[in-house]
Structures are given as structure tokens and as C-alpha cells.
Amino acid sequence: RPRVLSGIQPTAGSFHLGNYLGAVRQYVALQEANDAFYMVVDLHAITVPQDPAELRANTRVSAAQLLAAGLDPDRCALFVQSHVPEHAQLGWVMNCLTGFGEASRMTQFKDKSAKQGTDTTTVGLFTYPILQVADILLYQANAVPVGEDQRQHLELTRDLAQRFNSRYGATFTVPEAYIVKETAKIVDLQDPTIKMSKSASSPKGIVNLLDPPNQTAKKIKSAVTDTGTEVRYDEKEKPGVSNLLAIHSAVSGTPVAELEQRFAGRMYGDFKKEVAEVLVDFVTPFQERFHLYHDDPAELDRTLAKGAAKAREVASVTLASAYDRIGLLPPA
Ligand code: TYM
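Model, not experiment: these values are computed from the prediction.

Peer 1: Would you mind going over the site of the ligand in detail, with residue names and values included?
Peer 2: Not every one of the 28 residues close to the ligand is listed here, only the nearest: Tyr128, Asp135, Gly147, Asp149 and Ile186. In the environment of the ligand, a nitrogen atom lies 3.1 Å from a nitrogen or oxygen atom belonging to the backbone of Gly18. With respect to the ligand, the backbone of Met196 contributes an N or O atom lying 2.9 Å from a nitrogen atom. Taking 710 Å² as the accessible area of the ligand by itself, protein coverage stands at 96%.

Below, the structure is given as C-alpha cells:
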């Protein structure tokens, strides 16, 4: 069976709608026909300062959300990145294969470090995409479900896999990004020119899955639209309305064209009211399932331990073969 891998950061606690529609929904769909590996990337999270107690708590919160979203630990391996030491180990190997200039071209790093300034930006943030490369290659993943903002990191992954393979012989599967166009970039509700993001969005611009549902409804109703009146999908002229159409369509399963027809000649207010309803109907049972998983940390930790064991079976084989290829002397 084809292999799939993806990861999500535990930094904010709650996932937002961009995380869910851009990535997590695809994790759930892909676990059916693939050998799937999904992880909470705590090692990526510490590239920026984290409060230790919060990081630990948010790691469980993240895992419980992945279960609530529909990941089935009998079908996929659900684990915490730091529970599988091979990530850090192959990460080092990949560091030694990456050009400094190549790493310097990563736009996410450039954006984030420009905001933070060089004194507080860590070397870990700089090499972050290289750890991500190791995450993916360890599982010989064929496909990696992600949002549009991860495309460049997937390109780096392909480049490094190919470089390693041509230098040392076929070792790694060269993966493809799995990006669903319609929801690849959910934008900020208050500023539709930027993506919805844990770090950049204002509280009113971001819908968190664990927000109280009435707050989510309010945020949708006060989302920025435009001066026109037509409910029509047009990313350039109507980015705010288009974003709401994409959200409604993805969550309700109604094609965008059908929504445009349904709201022809009606007001933005009517449309937003329905988007809010669709979301409330989604997050309410999601939060119930989340609490079920989150309120039983012992069971949750057992699930994660089982996932890590499954992951290590694959990761240890890949790491051993990579170590062997590059000439590291195996321990006697
Ligand atoms: P992270 O935690 O920032 O985001 C998790 C996933 O959500 C997607 N996403 C979005 N999709 C659509 N619209 C948005 N506004 C939006 N915001 C976020 C992201 O593209 C991502 O798929 N570097 C990764 C984590 C990672 C990873 C990996 C991913 C670490 N190792 C290996 C894949 C494979 C990150 O920071 O995602």
C-alpha cells in the first residue's frame, strides 16, 4: 500500500479552520487506502520558545483533536514526533546534505525570522524545514497531505531525497505534496490577503475548532467581505466571499456552484448566517468527541505509545539503511 505521512504543530492548542480544511481532513480520508503516519510535531514547536507545561498539555490537546477529527489509531499510526528518536537522527544527516544557501531560500523562515529579529531567531527555526525532510523520508512516504504554505518544504524534501539517492544509491522514496486546491489556503476572516495563521491572524480573523461555537458564529458574521453584493466565487475580486464559499462548501459538502445559485439575489448577511450555522453544526460534535478523548489522558497516552511503536518499526529500518549508505560504522 502507498505510504502517507503528515505532521501538525501543537503550538496553539486548538487547530484552526485552515489546519483542518487544508490538512487534517485529508489525513482522515487518506488513512483508508494508505499506510498512514500522522504526528504531533513537538520538536518543530520548540524552534520558538515554549512554556514546558503548556507544550506538554498542547501535545495531548492536539492528539485528541486528531482523534476527534476521525483518525483511527487502528488504521493509522498516530504519534508524537519526539517519541520516535529517528526524526532527530535522520534530521542531522539531512542537515549535512543541505546547502546553506538552499536553506536560506526557505520563505517561511525568511518571513518568521524577519518578524522576530536575529537575536531571538534560533538556528532550529532555520533548520526546521530540514527536520521536516527527515520526518517525511523516514517513512518512505509517497504522498504528504499539506496546505499550500508547505509546498516549498516539499520541494526541498524531493531535492534532498534525489540528492541522497544519486550520491549513495536508491534509499528514499521521492514524495509528492498532496494539496487539495479548494482548501489549500484558507484566508484570514479580517484580512483576506493573508492566510489564516496561528501566529499572524488577529483573534477575530481566525476560527479555532475549540472556540465556543457562538463565538465562531460571531466571527463569521463579522468577516470582511467587499462592497459588492453578489455571492460569487472570485478569489481576485472577492477574496473574503470566496473564502467563505470555500469553507461552506468543504464543511457542508455542497458544491460552490450550487451555493452561488442558492444565494443569487440574496444578501451577504443571509449567506454568512448559513456559513455560521454550517460551522456550528460541525464544531459542536467535534468538541464533544474532543472532550471524550482529552478527558482520558491515560488512554490517550496508550494510543500515542502504540502509534510510536508502529512508527519506529518503519523509521528504524530507514535510518539504519541511510546510516549504512553514508558509511557510518555500525556498532558491533
Ligand atoms: P502547521 O502546524 O503550521 O500546519 C498544519 C497543517 O495545516 C496547514 N495549514 C493550512 N492549510 C490551509 N489554509 C491555511 N490557512 C493553513 N494554515 C496551515 C499546513 O499547510 C499544514 O499542512 N511544517 C509543518 C508541520 C510538519 C510537517 C512535517 C508537515 C512538520 N513535519 C512533515 C508535513 C510533513 C507545519 O508547521 O504545519
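Peer 1: With reference to specific residues and values, describe the pairing of strand S2 (residues 35-40).
Peer 2: Of all six residues in S2, five are buried; the element is thus mostly enclosed. One ladder, built from six bridges, connects strand S1 (residues 3-8) with S2; its direction is parallel. Residue Arg3 lies in a different strand from S2, and its bridge partner there is Asp35. Once you follow S1 into helix H1 (residues 17-30) and on to S2, the crossover reads as right-handed.

Peer 1: Mind laying out helix H9 (residues 213-221), listing which residues take part and the relevant values?
Peer 2: The complete set of buried residues in H9 reads Thr216, Ala217, Lys219 and Ile220. Buried residues in H9, looked at end-on, bunch into an arc of 160°, giving them a common side. For H9, the exposed residues set more than 90 degrees away from the buried face come down to Asn214 and Lys218.

Peer 1: Go over the packing of helix H7 (residues 123-137) against helix H8 (residues 151-168) with me, naming the residues and quoting the values.
Peer 2: Their axes nearest at 9 Å, the elements H7 and H8 cross at an angle of 65°. Here H7 runs over H8; the crossing is right-handed. Here H7 contributes Tyr128, Pro129, Ile130, Gln132, Val133, Ile136 and Leu137 to the contact with H8, which in turn contributes His153, Leu154, Leu156, Thr157, Leu160 and Ala161. In the contact of H7 with H8, the residues fall into 10 nonpolar, three polar and no charged.

Peer 1: So what about the packing of helix H4 (residues 86-95) against helix H13 (residues 297-326)? Which residues, and what values?
Peer 2: Contact pair H4 / H13: the axes reach a minimum separation of 10 Å and the direction vectors enclose 25°. Between H4 and H13, the angle falls in the class roughly parallel. Classified by chirality, the crossing of H13 by H4 is left-handed. The segment H4 lies against H13, with Glu86, Gln89, Leu90 and Val93 engaging Arg312, Ala315, Ser316, Leu319, Ala322, Tyr323 and Ile326. Residue composition of the contact of H4 with H13, by class: seven nonpolar, two polar and two charged.

Peer 1: For the UniProt feature "binding site: L-tryptophan" (unreviewed entry) in the chain, give the residues involved together with the corresponding values.
Peer 2: Sites flagged by UniProt as "binding site: L-tryptophan" (unreviewed entry) map to Asp135. Looking at the element boundaries, Asp135 is found in helix H7. Setting aside chain neighbours within four positions, we find Asp135 in contact with Leu5, Met39, Val41, His44, Gln81 and His87. Separated by 2.9 Å, the side chains of Asp135 and Gln81 make a polar contact.

Peer 1: Can you break down the side chain of Lys272 residue by residue, with the values?
Peer 2: Looking at the secondary structure, you find Lys272 in helix H12 (residues 268-294). No salt bridge is formed by the buried Lys272. Its closest oppositely charged neighbour is Asp226, at 9.6 Å. At 3.3 Å, the side chain of Lys272 forms a polar contact with the backbone oxygen of Lys221. For Lys272, the contacting residues outside a window of four places in its chain are Ile220, Lys221, Ser222, Ala223, Thr225 and Leu244.

Peer 1: Can you tell me about the pattern of salt bridges, naming the residues and giving the values?
Peer 2: Following the criterion strictly, the structure yields 19 salt bridges and no others. Between Glu32 and Arg75 there is a salt bridge; the shortest N-O distance is 2.4 Å. One end of the pair, Glu32, is in the loop between H1 and S2; the other, Arg75, is in the loop between helix H3 (52-69) and strand S3 (76-80), and 43 residues separate them in sequence. Relative accessible area serves as the criterion here: at 44%, Glu32 is assigned to the partly exposed category. By relative accessible area, which is 41% here, Arg75 ends up partly exposed. Arg151 serves as the salt-bridge partner of Glu148, at 2.8 Å between the closest nitrogen and oxygen. Overlapping salt bridges, with partners in common, bring together Glu32, Asp72 and Arg75 in one network.

Peer 1: Got a sec to walk through the confidence of the model for the chain? Specific residues and values, please.
Peer 2: Residues with a pLDDT of 70 or more make up 100% of the chain, whose mean pLDDT is 96. Interface predicted TM-score (ipTM) for the complex: 0.99; the corresponding pTM is 0.97.

Peer 1: Tell me about the packing of aromatic side chains, residues and numbers included.
Peer 2: The way to describe two aromatic rings as a pair is by their centre distance and the angle between their planes. Evaluation of the coordinates by the stated rule reveals 10 aromatic pairs. Aromatic ring contacts, followed pair by pair, group Tyr20, Phe282 and Phe286 into a single cluster. Above the plane of the ring of Tyr128 lies Lys112, whose end atom (NZ or CZ) is 5.5 Å from the centre.

Rules of the game
- Residues numbered from 1 in each chain as written.
- Predicted model: local features only at pLDDT ≥ 70, side-chain atom pairs only at ≥ 80, totals over all residues.
- Heavy atoms only, no water.
- Near = heavy atom within 4 Å.
- Polar contact = N/O pair within 3.5 Å; in protein donor to acceptor, adjacent residues only side chain to side chain.
- Areas by Shrake-Rupley, 256 points an atom, 1.4 Å probe, with all protein chains shown as cover.
- Buried < 20%, exposed > 50% of the residue type's maximum accessible area, 1.4 Å probe, protein only.
- Helix = DSSP H or I, 4+ residues; strand = E, 2+ residues; numbered from the N terminus.
- Pairing = 2+ DSSP bridges.
- Right-handed = clockwise from strand over helix to strand, strands pointing away.
- Arc of directions from axis to C-beta.
- Axes fitted to C-alpha atoms, helices over the stretch in contact; angles between N-to-C directions.
- Left-handed = near helix turned anticlockwise from the far one by under 90°.
- Contact = heavy atoms within 4.5 Å.
- Nonpolar A, V, L, I, M, F, W, Y, C, P; charged D, E, K, R; others polar.
- Parallel < 35°, antiparallel > 145°, perpendicular 65-115°, else oblique.
- UniProt positions renumbered as here; feature names shortened; annotations may be inferred.
- Lys, Arg positive; Asp, Glu negative; His and termini not counted.
- Salt bridge = Lys/Arg side-chain N within 4 Å of Asp/Glu carboxyl O.
- pLDDT = per-residue confidence, 0-100.
- Phe/Tyr/Trp six-rings, centres within 6.5 Å; stacked < 30°, edge-to-face > 60°.
- Lys NZ or Arg CZ within 6 Å of the ring centre and 35° of its normal.

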